[in-house]
Amino acid sequence: MKLVAEDEIKKTEENVVVRRSRRKKRGKQRLLAMSACLVVMVAVMFLTASVCVWVADRIKEKENAAPAFGEAEENITNYVDIDKDGNVLDASGNVLGVLSGSLGYSQAELDSQVLGAREGAVEEILEIIRGGLDAGDSVLETLRPLYPDDLIVYSGGKYNFVPINRNLKMHSFDAANLNVLESGEYQYLQDGAVISHKGIDVSRHQGEIDWSLVAQDGVEFAFIRVGYRGYGSGKMMEDEYFEENITGALQAGIKVGVYFYSQAVTEAEIQEEAAFVLEKIAPYRIECPVVFDVERVTESDGRMNGISIEDRTAFALQFCQMIENAGYKPMIYHNTEMGVMFLGLEALEQYDKWFAAYSDVFYYPYDYKVWQYSQSGRVQGIQGDVDLNISFVPLWEEQPAE
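Residues numbered from 1 in each chain as written. Predicted model: local features only at pLDDT ≥ 70, side-chain atom pairs only at ≥ 80, totals over all residues. Heavy atoms only, no water.

### Re helix H5 (residues 242-251)
An α-helical segment advances 3.6 residues per turn. Residues three or four places apart therefore align on the same side. What counts here: Burial status follows relative accessibility: with a 1.4 Å probe on protein chains alone, a residue under 20% of its type maximum counts as buried, one over 50% as exposed, and anything between as partly exposed. Secondary structure elements are taken from DSSP: a helix is a run of H or I of four residues or more, a strand is a run of E of two residues or more, and numbering for both begins at the N terminus. Each C-beta atom gives one direction from the helix axis, and the arc is the one those directions make. Note on contacts: a residue pair is in contact if any heavy atoms of the two residues lie within 4.5 Å.
Looking only at H5, the buried set comprises Phe 242, Asn 245, Ile 246, Gly 248 and Ala 249. Considered in projection along H5, the buried side chains sweep an arc of 165° and stay on one side of the axis. Turning to H5, the residues buried within the fold contact strand S9 (197-202), helix H4 (211-216), strand S10 (221-229), strand S11 (236-238), strand S12 (255-261) and helix H6 (267-281). Positive phi shows up at Gly 253, right after H5, with a value of about 85°.

See the structure below:
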């Protein structure tokens, strides 16, 4: 998303070819990390199994040596204990030794072998980290494969490790089904066929748009910014190109949804924003969702940055409820930082999500219907960069064939 004047938030995107090679490398790193962890587990399991086999064999030996009923038992040596060094002792404290073919370890030997396995695993993980950073991967790209049960997010000047919430609905997207064209455009495949739908989102930053050319370029849907609230002043404004864009898109046969960039900090302001959106879209055919765009301002002190997770979640919920009550389909736009650190997603599970991540890796595990994968795409009919999206399902009701 792009904002006017004080709402300008600049984002970056890696080269598509580099991203694809890094995706393969990250998979290898994840496999190596898992292998390193298995070293410790296997070592401990092996040592434990060896002790168990030895004990079982000793018991069997004793049973085989037991006298027949009525025979004298004075020559039978009874096993009574194992000392601190792992030696088997009889009733008199004599060391019986170990059964031939079995492995016996003292506690010191066990500790030494486990420590060696751990050190080897640590060294292997450090080598993975060193190799990733040497190759130019970011810290996040390097760390994330090593922590499969956590989401790692850089926020507030530090790296945050947040356990994945298994209570939330997960997506089932597979990177193997992602097709990246030479143009940088993404497609998602199923059984070799493209099932995704091509979309864009626009605001005044795209200027004059030739929507007929946009349609010819294969764009099926467009999210058009209705307006925004300034993150400093709190003033609510209509996007100056809103009416021109929505009219042009509809005339070109493109399915239309809208979004509003919120910086509401009170219940009254969120109600004002929802009412504003409903008033502006009333004259138009809106087949795609009406989106609550919730973002953190990273380059200055945004007024919404200071509210609690509970308030931000409540505002998103109230916006969506007002939109839904008016007969439209609501949706929430967010990125990894917002979804993991600043929203209570469990309270918002019933609403579809539009997710922003400029990478070809499906790192974020939670469900979403639309993916904004680039902010520097190119589309016919638009001068300069434009945000590119794909939806994994149709965002509109399919009309029956006549």
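### Quick look at the nonpolar core
Applicable threshold: Side-chain atoms within 4.5 Å are what join buried Ala, Val, Leu, Ile, Met, Phe, Trp, Tyr and Cys residues into a set we call a nonpolar core.
Core analysis: the largest hydrophobic core is formed by 70 residues, its most contacted members being Ile 200, Trp 211, Val 214, Val 258, Val 277, Ile 281 and Trp 371. Element by element, the count of residues in this core is highest for H6, at six residues. When residues no more than four places from it in sequence are discounted, the contact partners of Trp 211 are Ile 200, Val 202, Ala 222, Glu 244, Asn 245, Gly 248, Ala 249, Ala 252 and Ile 254. Core analysis: the next-biggest nonpolar cluster, separate from the first, contains 13 residues, Met 331, Tyr 358, Val 370 and Trp 396 among them.

### Some remarks on the side chain of His 171
So the rule is basically this: Side-chain atoms alone can form a polar contact between residues adjacent in sequence; in general such a contact is a pair of N or O atoms within 3.5 Å, and within protein one must be able to donate a hydrogen while the other accepts it.
Assignment of secondary structure puts His 171 in the loop between strand S5 (158-163) and strand S6 (178-180). At 2.7 Å, the side chain of His 171 and the backbone oxygen of Tyr 364 are in polar contact.

### Details of the pairing of strand S17 (residues 386-391)
Definition in use: Whether two strands pair depends on DSSP finding at least two bridges between them.
With six of six residues buried, S17 is to be regarded as a mostly interior element. Here S9 runs beside S17; their pairing, made up of five bridges, is antiparallel. When the bridges of S17 are listed, Lys 198 appears paired with Ile 390.

### A look at the side chain of Thr 313
Along the chain, Thr 313 falls in helix H7 (residues 309-325). Judged by its relative accessible area of 8%, Thr 313 is buried. Among the polar contacts listed, one links the side chain of Thr 313 to the backbone oxygen of Ile 309, at a separation of 2.8 Å. Separated by 2.7 Å, the side chain of Thr 313 and the backbone nitrogen of Gly 344 make a polar contact. Ignoring anything within four residues of it in the chain, the contact list for Thr 313 reads Leu 343, Gly 344, Ala 347 and Leu 348.

### Some thoughts on the packing of aromatic side chains
Heads up, the condition is: Pairing of aromatic side chains here covers Phe, Tyr and the six-membered ring of Trp, requires ring centres within 6.5 Å, and sorts the geometry by plane angle: under 30 degrees stacked, over 60 edge-to-face, intermediate tilted.
One pass over the structure, following the stated rule, counts 25 aromatic pairs. A centroid spacing of 6.0 Å and a plane angle of 90° characterise the contact between Phe 242 and Tyr 284, whose relative ring orientation is edge-to-face. Here Phe 242 is found in helix H5, whereas its partner Tyr 284 is found in the loop between H6 and strand S13 (290-293), with 42 residues between them in sequence. The buried category is assigned to Phe 242, whose relative accessible area is 1%. Linked through ring pairs, Phe 173, Tyr 186, Tyr 188, Phe 355, Phe 362, Tyr 364, Tyr 366, Tyr 368, Trp 371, Tyr 373 and Phe 392 together constitute an aromatic cluster.

### Observations regarding a nonpolar patch on the surface
Note the cut-off: In this analysis, a patch consists of residues with relative accessible area above 30% that form no salt bridge, clustered at 9 Å for like charges and at 5 Å for the nonpolar side chains Val, Leu, Ile, Met, Phe, Trp and Tyr. We get accessible surface area from the Shrake-Rupley algorithm with a probe of 1.4 Å; when it comes to residues, only the shown protein chains can shield them. Salt bridge, as used here, is a side-chain nitrogen of Lys or Arg placed within 4 Å of a carboxyl oxygen of Asp or Glu.
Together, Leu 133, Val 139, Tyr 147, Tyr 154, Tyr 159 and Phe 161 give the surface a local cluster of nonpolar side chains, amounting to about 530 Å² of exposed area. In this fold, Tyr 159 is placed in strand S5. The class of Tyr 159 is partly exposed, set by a relative accessible area of 36%.

### As for the pattern of salt bridges
One pass over the structure, following the stated rule, counts 16 salt bridges. Lys 198 serves as the salt-bridge partner of Asp 217, at 3.7 Å between the closest nitrogen and oxygen. On the criterion of sequence distance, the pair formed by Asp 217 in the loop between H4 and S10 and Lys 198 in strand S9 is long-range, its members being 19 residues apart. We classify Lys 198 as buried; its relative accessible area is 12%. A salt bridge links Glu 287 to Arg 285, with the shortest nitrogen-to-oxygen separation between them at 3.3 Å.

### A word on H6
Put simply, the rule is: A helix is expected to span 1.5 Å for every residue after the first.
Spanning 15 residues, H6 covers 22 Å between terminal C-alpha atoms, matching the ideal 21 Å at 1.5 Å per step. Within the sequence span of H6, burial applies to Glu 269, Ile 270, Glu 273, Ala 274, Phe 276, Val 277, Leu 278 and Ile 281. Contacts from the buried residues of H6 go to S10, S11, H5, S12, S13 and H7.

### Focus: the confidence of the model for the chain
Rules: Per-residue confidence from the predictor is reported as pLDDT, a score between 0 and 100.
Considering every residue of the chain, the mean pLDDT works out to 82; 72% of them sit at 70 or more. pLDDT under 50 marks residues 51-55. Its contacts with residues more than four places away, or in other chains, come to seven contacts. Counting interchain partners and residues more than four positions distant, the pLDDT-below-50 stretch residues 66-77 has six contacts.

### Observations regarding the sheet that holds S6
The three strands lie next to each other as S6-S7-S8, forming an open sheet whose pairing is antiparallel. Of all strands in the sheet, those bounded by a partner on one side alone are S6 and strand S8 (193-194). Pairing between strand S7 (residues 186-190) and S8: two bridges, direction antiparallel. From the neighbouring strand, Gln 190 faces S8, where its bridge partner is Ala 193.

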